[in-house]
Amino acid sequence: MHRNTDIKHLERSISLADEAVKEGNHPFGAVLVSEAGDVLLEGKNNFSFDRGPGHAETNLARAAARKFDVETLNKATLYTSVEPCSMCAGTIYWAEIGAVVFGMTEHRLGELTGEDPENQTQDLECRVIFNSGRRPVEVRGPFPELEEKIAAQHQAYWKT
């Protein structure tokens, strides 16, 4: 039921990651979608301004927490090309967003970025962080049919 909708919004997060690169940032994008399927907000990585903490998901979750009530956020879904890191998962949790959908795992990202000092990827699944909380966060991902597209995006970026 969710699969086609998930793919559509994940594709948009991939496009936002491309936009982030064109703006001088890392290739990460995120989309927040309401229960009714409307796009509420979009976010991009802003490493050039915020350095390490400038992750797309954290930027989006903070903006969403300022703009929307808890009921809206509990029923919303955050889509992101790559599984949220521990910082992003924590921010998503505290913003009270109800679901997360990601295309490629954090583990795979770590394989692609290696020891790059600008992306000290942690090998920690977001489900571990969400399952440690006191409220549920639904997680869907990864999506194997999008992994190579996302991986190619990161291979092109991190090897420049």
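In this report, we go over the structure that sits alongside the text.

## Brief notes about the overall build of the protein chain
Then, in step 1: From N to C terminus, the protein chain includes 8 helices and 5 strands.
Then, in step 2: For the protein chain, the sequential pattern of α-helices and β-strands runs α-β-β-α-α-α-β-α-β-α-α-β-α.
Then, in step 3: Across the protein chain, the fraction of contacts at a sequence separation of at least 24, relative to all contacts at a separation of at least 6, is 63%.
Then, in step 4: Here the protein chain displays about 8,000 Å² of accessible surface, and carbon together with sulfur accounts for 50% of that area.
Then, in step 5: With 17 positive and 25 negative side-chain charges, the protein chain shows a spacing of 3 Å between the two charge centroids.

## Quick look at unusual backbone geometry
Then, in step 1: A cis geometry characterises the amide bond from glycine 141 onward to proline 142, with omega recorded as 0°.
Then, in step 2: Not every positive phi belongs to a glycine, and glutamate 96 is a case in point at roughly 70°.

## Some words on the sheet that holds strand 2 (residues 39-44)
Then, in step 1: With respect to topology, 5 strands assemble into an open sheet ordered 2-1-3-4-5, the strand pairing being mixed. Each of the sheet's edge strands pairs with one partner strand only, and the pair in question is strand 2 and strand 5 (138-140). Each adjacent strand pair in this sheet contributes to an overall mean axis angle of 15°, direction not counted.
Then, in step 2: Sheet analysis places strand 1 (residues 29-33) next to strand 3 (residues 77-82), joined by 4 bridges and oriented antiparallel. By the bridge assignment for strand 3, leucine 32 is matched with leucine 78.

## Notes on the packing of helix 3 (residues 56-67) against helix 5 (residues 86-95)
Then, in step 1: Where helix 3 meets helix 5, the closest approach of the two axes is 8 Å, and the angle between their N-to-C directions is 15°. Taken together, the axes of helix 3 and helix 5 are roughly parallel relative to one another. Handedness of the helix 3/helix 5 crossing: left-handed. Side by side, helix 3 and helix 5 meet where Glu57, Thr58, Ala61, Arg62 and Ala65 of the first sit next to Met87, Cys88, Thr91, Ile92 and Ala95 of the second.
Then, in step 2: Looking at side-chain class alone, the contact of helix 3 with helix 5 contains 6 nonpolar, 2 polar and 2 charged residues.

## Structural notes on helix 1 (residues 3-22)
Then, in step 1: For helix 1, which comprises 20 residues, the first-to-last C-alpha distance of 29 Å matches the rise-based estimate of 28 Å (1.5 Å per residue) to within 8%.
Then, in step 2: On the buried face of helix 1, the contacting elements are strand 1, strand 2, strand 3, strand 4 (99-104), strand 5 and helix 8 (144-158).
Then, in step 3: Just beyond helix 1, the residue with positive phi is glycine 24, at close to 90°.

Conventions and cut-offs
- Residues numbered from 1 in each chain as written.
- Predicted model: local features only at pLDDT ≥ 70, side-chain atom pairs only at ≥ 80, totals over all residues.
- Heavy atoms only, no water.
- Helix = DSSP H or I, 4+ residues; strand = E, 2+ residues; numbered from the N terminus.
- Contact = heavy atoms within 4.5 Å.
- Areas by Shrake-Rupley, 256 points an atom, 1.4 Å probe, with all protein chains shown as cover.
- Lys, Arg positive; Asp, Glu negative; His and termini not counted.
- Charge placed at Lys NZ, Arg CZ, Asp CG, Glu CD.
- Pairing = 2+ DSSP bridges.
- Axes fitted to C-alpha atoms, helices over the stretch in contact; angles between N-to-C directions.
- Parallel < 35°, antiparallel > 145°, perpendicular 65-115°, else oblique.
- Left-handed = near helix turned anticlockwise from the far one by under 90°.
- Nonpolar A, V, L, I, M, F, W, Y, C, P; charged D, E, K, R; others polar.
- Expected span 1.5 Å × (residues − 1).

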